[in-house]
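Tertiary structure, described
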Amino acid sequence: MTPHHDAYLDAVQAIHSLPRMGQPTLRRMQALLAALGNPEQDLRCIHIAGTNGKGTLAAMTASILTHAGYKTGLTVSPYVIDFRERFQINGEMILPDTLTALAGEVLAAADVLSADGEGPVEFEVVTAIALLWFAREKCDLVVLETGLGGRYDATNAIPAPLVAAITRIGLDHTELLGDTLAQIAAEKAGIIKEGCAVVCYPDQPPEAMGPLLTAAAEAHTSLIVPELDDIHTLKSRPLQNYIEYGGYRALLAFPGRHQGMHAAMAVEIALHLWREHGYEISDEAIEAGLQDARMPARIEVIRRRPLLLLDGCHNPDGAAALADTLSAAGYEGNLVGVLGVLADKDHGPMLESLAPCFEKVFTATPDCPRAMSAHDLQQAARFHLDAEEGGTVAQAIRKAVDYADYHNLAGVVVCGSLYLAAQARPILLTEAEN
């Protein structure tokens, strides 16, 4: 290993060693940004919150803006394979040396703040690194994905964004955000500020709409909501997603009806930037941007025949979207699943949604301290479907592939957690080459 590589690994380790959570407040983040010269003041942002779909919407939006010729920053949370996925400009991850240097600056500022009182937590340092990089690289536009919630999320230390986008609200992180959709929506709506447009998911649960409408009214703005009837799924192969919205057509890299809704939101964001802020975004840039957007582990088809599919669905809404997508593609009941979840997730409704998809599942223990053991998950899953303890992620995938092969089933789906997805993806890519 080179000294450069060692320094990069040390920087990442130092970031990961920071506390994960702190008191919900923006004060720590504001103090950190002030110590760095307030780089956020130089950026024009599209800010995205919501329970599910933030990453895909962020990827689609950033891809459109890059195709339109704008230098576009993108933050992704969480990353799946490589920590550097969190920091991207025009689809390219930050270079390890650049990340090492910026991390040094931000961590030094964080140390000073820690000595004087409460220092920043991990996500605040990560966000500060991204904002500092985007400002120094003079990005034209930045697409920021919130980490958790909205009101007190580190990304919310930015001034009013050009657009605040709210994806579908669901029940997740209830211990932090509240245990009703209305409470969670009110937290997410914290990113809505005076002077920004608000683009909203077209199929939002009614309970979530009240707080979103209230927040928009208080900020003297209104919601832009794509009409469900205007989003069309055109004929294509199973697990392909050819959509049309507002005269724009694109073959998305993301299967599922819900992804058509994210594409419609991305179109509305682009049109608002063009109409209200004068950004030159052509029809071609919108279509090419939608088509070229990529994100690992979002109902990702690794191989078509026999099917190898990976999805980081980690809450009930995500599992329901995956089940709906598999059913619509005609795969119901003839697949083998590999499941792994975190212990703090509401796995009951997830198992209920996924049960009709699988003839059998093998449970696995994701590599995370918060993981539910393969044994405990098997005990819970057996009430819903034929479940067998699979062991490690690699062992469970091997068993699932062999079982599907022996019983002539359509393929294997690995799902349940982004931690599971991170471990499984390289194994599945190797399997796909065999």
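What counts and how
Residues numbered from 1 in each chain as written. Predicted model: local features only at pLDDT ≥ 70, side-chain atom pairs only at ≥ 80, totals over all residues. Heavy atoms only, no water. Core = buried A, V, L, I, M, F, W, Y, C linked by side-chain atoms within 4.5 Å. Buried < 20%, exposed > 50% of the residue type's maximum accessible area, 1.4 Å probe, protein only. Helix = DSSP H or I, 4+ residues; strand = E, 2+ residues; numbered from the N terminus. Contact = heavy atoms within 4.5 Å. Pairing = 2+ DSSP bridges.

1. Quick notes on the nonpolar core
Ranked by internal contacts, the top residues of the largest apolar core, which has 43 residues, are Ile46, Leu273, Ile281, Ile286 and Leu290. The biggest single contributor to this core is helix α9 (residues 257–277), with ten residues. Once you skip the residues sitting within four places of it in the chain, Leu290 turns out to touch Met60, Ile64, Ala250, Leu252, Ala263, Ala266 and Val267. Cys45, Ile89, Ala128 and Val142 belong to the second largest nonpolar core, which has 40 residues in total.

2. Observations regarding the pairing of strand β5 (residues 141–145)
The element β5 is extensively covered by neighbouring structure, given that five of its five residues are classed as buried. Alternating residues of β5 divide into Leu141, Val143 and Glu145 and Val142 and Leu144, and every residue in both groups is buried. One ladder, built from four bridges, connects strand β1 (residues 45–49) with β5; its direction is parallel. Residue His47 lies in a different strand from β5, and its bridge partner there is Leu144. Where strand β2 (residues 72–75) meets β5, three bridges bridge the pair, whose relative direction is parallel. Residue pairing in the sheet places Thr72 in a bridge with Leu141 of β5.

3. Side note on the environment of Ala7
Here Ala7 shows up in helix α1 (residues 3–16). C-alpha separation for the pair Ala7 and Glu287, spaced 280 residues apart in sequence, amounts to 41 Å.

All we've got here are geometric facts, nothing functional implied.
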